[in-house]
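Remarks on the overall topology
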Amino acid sequence: MTSWAFEVAVECHSLLGEGPCWDGRAGVLYWVDIVAGRVHRYEPDSGRDSSAQVGAPVGFVVPRASGGLVVGLGTGLAVLDGDAFDISSHARPAVAAQALMALETPAGTTRTNDGCCDAAGRLWVGTMALDERSPLGGLFRVDADLAAECVITGTTISNGHDWSPSRDRFYFVDSPTRRINVFDHDPATGTIENRRALATLDPGEIGADAVPDGLRVDADGCLWVALHGGWGLRRYSPDGELLARVELPVARVTCCCFGGEGLRDLYVTTRRDGLSDPELEAQPLAGSLLRLDPGVAGLPSHPFAG
Ligand code: BGC
Ligand code: CA
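Once a new chain begins, its residue numbering starts again from 1 and follows that chain's sequence as written. In the order they appear in the text, chains get letters beginning with A and ligands get numbers beginning with 1. This being a predicted model, a pLDDT of at least 70 is required before a residue's local features are given, and a value of 80 or more before pairs of side-chain atoms are given or counted; all residues contribute to the totals for chains, interfaces and linings. The side-chain values count all of the structure's non-hydrogen atoms but skip hydrogen atoms and water molecules.

1. Digging into the packing of aromatic side chains
To be explicit about the condition: Ring pairs are drawn from Phe, Tyr and Trp, using the six-membered ring of Trp, whenever the two centres fall within 6.5 Å, and their geometry is named by plane angle: stacked under 30 degrees, edge-to-face over 60, tilted for the rest. Partly exposed residues are those whose accessible area sits between 20% and 50% of the maximum for their type, while under 20% is buried and over 50% is exposed, using a 1.4 Å probe and protein chains only. In DSSP terms, a helix is any run of H or I states spanning at least four residues, a strand is any run of E spanning at least two, and both are numbered starting from the N terminus. Two thresholds decide whether a charge sits over a ring: the Lys NZ or Arg CZ must be within 6 Å of the ring centre and within 35 degrees of the ring normal.
Inspection of the entire model under this criterion finds nine aromatic pairs. Ring geometry for Trp163 versus Phe170: centroids 5.3 Å apart, planes at 50 degrees, classification tilted. Residue Trp163 shares its accessibility class with Phe170, and that shared class is buried. Between Phe170 and Phe183, the ring centres sit 6.0 Å apart and the planes meet at 55 degrees, which makes this aromatic pair tilted. On the criterion of sequence distance, the pair formed by Phe170 in strand β15 (residues 169–174) and Phe183 in strand β16 (residues 179–186) is long-range, its members being 13 residues apart. By the burial criterion, Phe170 is buried, and Phe183 matches it. Grouping aromatic residues by their ring pairs yields a cluster made of Trp124, Trp163, Phe170, Phe172 and Phe183. Directly above the aromatic system of Trp124 lies the positively charged group of Arg141, at a separation of 6.0 Å from the ring centroid.

This is the structure:
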């Protein structure tokens, strides 16, 4: 196993660090602490990380083309003012996130999870069962006019998704299946079809407790997949071949995103909640935001057109 050099971008105790999303216009990285209901804004130039408490579980954050941010809040989408981050303090009171729309997903037993936008500005939002066992989740595609369609049903934990560089493929993970799925994608309509397995991750290779979580595609079309419970990430070719293993000193690696100059940095979020005291002692960086040099450039994150 190759031990990768990494930097600690933000040393903190986020409970469930997730959803890194690079805003190329502002040169900042947004990310969330899902269970703490906190949205973070990290400025690499100054090293400053400020945050806003939104008062409910927040699955993801993406910039909005018209300004501000969209977050997955509980079972719906909400908008958050960019000014919410002006004061840097973890103790500040909740900021009102204004409801934008509800998703047709059961309240009380599901919540929004990973979300990101395609190059046309459509927002793709996964939902998951709170018990992490029931097939109550799905994947919604939300168009600029806020029309939402559930394009994948019956998932348990809808997680990482992204597109190939030419956008003719869509990759999608439902974590407990350990499978990375690939679909044909029509960039003009946002339609996906012909689901098949790109790779099914072997517990013997990634670890018995490990599942694939967030993912991002690089400029070469390869997939960087975070391993929740697997102490790192894996890089897979567009044919599903395992190309690289990234080992990190944190068990629950949740998601990654390309950012920085030329999209040459890989930001990695991690999780702290659910660890025992001895595990916490052995993983002081659990919850921190990490950054590594993947040796390849990434593809840009896109803002929501709605
Ligand atoms: C979810 C977690 C879940 C993890 C592993 C994350 O995206 O937010 O609740 O435990 O994936 O499947
Ligand atoms: Ca995730």
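2. Brief notes about the pairing of strand β13 (residues 148–155)
The test is simple: Two strands qualify as a pair provided DSSP detects at least 2 bridges between them.
Bridge count for strand β12 (residues 137–142) against β13 is six bridges, and the pairing is antiparallel. Bridging across to β13, Gly138 finds its partner in Thr153.

3. Here we look at empty space enclosed by the protein
Heads up, the condition is: Grid points spaced at 1 Å over the protein atoms alone were grouped into cavities, where a 1.4 Å probe fits but cannot get out, and pockets, open sets with protein on both sides within 12 Å along at least five of seven lines, with lining residues defined by an atom within 4 Å of a point. Grid points are joined across faces, edges and corners, and a volume is the space filled by probe spheres set on the points. Note on residue categories: nonpolar means Ala, Val, Leu, Ile, Met, Phe, Trp, Tyr, Cys or Pro, charged means Asp, Glu, Lys or Arg, and polar means any other residue, Gly included.
Under the definition given, this model contains one cavity of 30 Å³ or more. In this structure, the largest cavity occupies an estimated 80 Å³ of space. Lining of the largest cavity is provided by 13 residues; of these, Gly19, Asp114, Gly115, Cys116 and Arg216 occupy positions nearest its centre. Listing elements by their share of the lining of the largest cavity, those giving two or more residues are β2 (17–23), β6 (58–63), β10 (110–117) and β14 (158–163). Of the residues assigned to the lining of the largest cavity, the class counts are seven nonpolar, four polar and two charged.

4. Section: the environment of Thr109
Counting through the fold element by element, Thr109 comes out in the loop between β9 (98–102) and β10. We classify Thr109 as partly exposed; its relative accessible area is 36%. For the pair Thr109 and Leu130, spaced 21 residues apart in sequence, the C-alpha separation works out to 5.4 Å.

5. Quick notes on the coordination of the calcium ion (ligand 2)
Put simply, the rule reads: For Na, K and Ca the donor cut-off is 3.2 Å; for every other metal, N, O and S atoms count as donors within 2.8 Å. Water does not enter the count, which can leave sites looking incomplete.
Only Glu18 (OE), Glu18 (OE), Asp114 (OD), Asp114 (OD), Asn159 (OD1) and Asp213 (OD) from the protein reach the calcium ion (ligand 2) as donors, at distances of 2.2 to 3.1 Å. Sequence positions of the donors to the calcium ion (ligand 2) reduce to the motif E-x95-D-x44-N-x53-D. Placement of Asn159 in strand β14 and of Asp213 in strand β18 (residues 211–217) is noted, with a sequence separation of 54 residues between them.

6. Side note on the nonpolar core
If you look at soluble globular proteins, the nonpolar side chains tend to sit buried side by side. So the rule is basically this: Side-chain atoms within 4.5 Å are what join buried Ala, Val, Leu, Ile, Met, Phe, Trp, Tyr and Cys residues into a set we call a nonpolar core. The contact criterion used throughout is that any non-hydrogen atoms of two residues lie within 4.5 Å.
Grouped together as the largest cluster of nonpolar side chains are 25 residues, with contacts concentrated most on Leu233 and Val268. Elements represented by at least two residues in this core include exactly β1 (6–10), β3 (28–33), β19 (223–228), β22 (253–259), β23 (265–270) and β24 (289–292). When residues of this core are assigned to their parent elements, the largest contribution, four residues, is made by β22. When residues no more than four places from it in sequence are discounted, the contact partners of Val268 are Leu233, Leu248, Val253, Cys255, Cys256, Ser288, Leu289, Leu290 and Leu292. With 19 residues, the next largest nonpolar core counts Val39, Leu69, Val71 and Phe85 among its residues.

So yeah, pure geometry; function would need other evidence.
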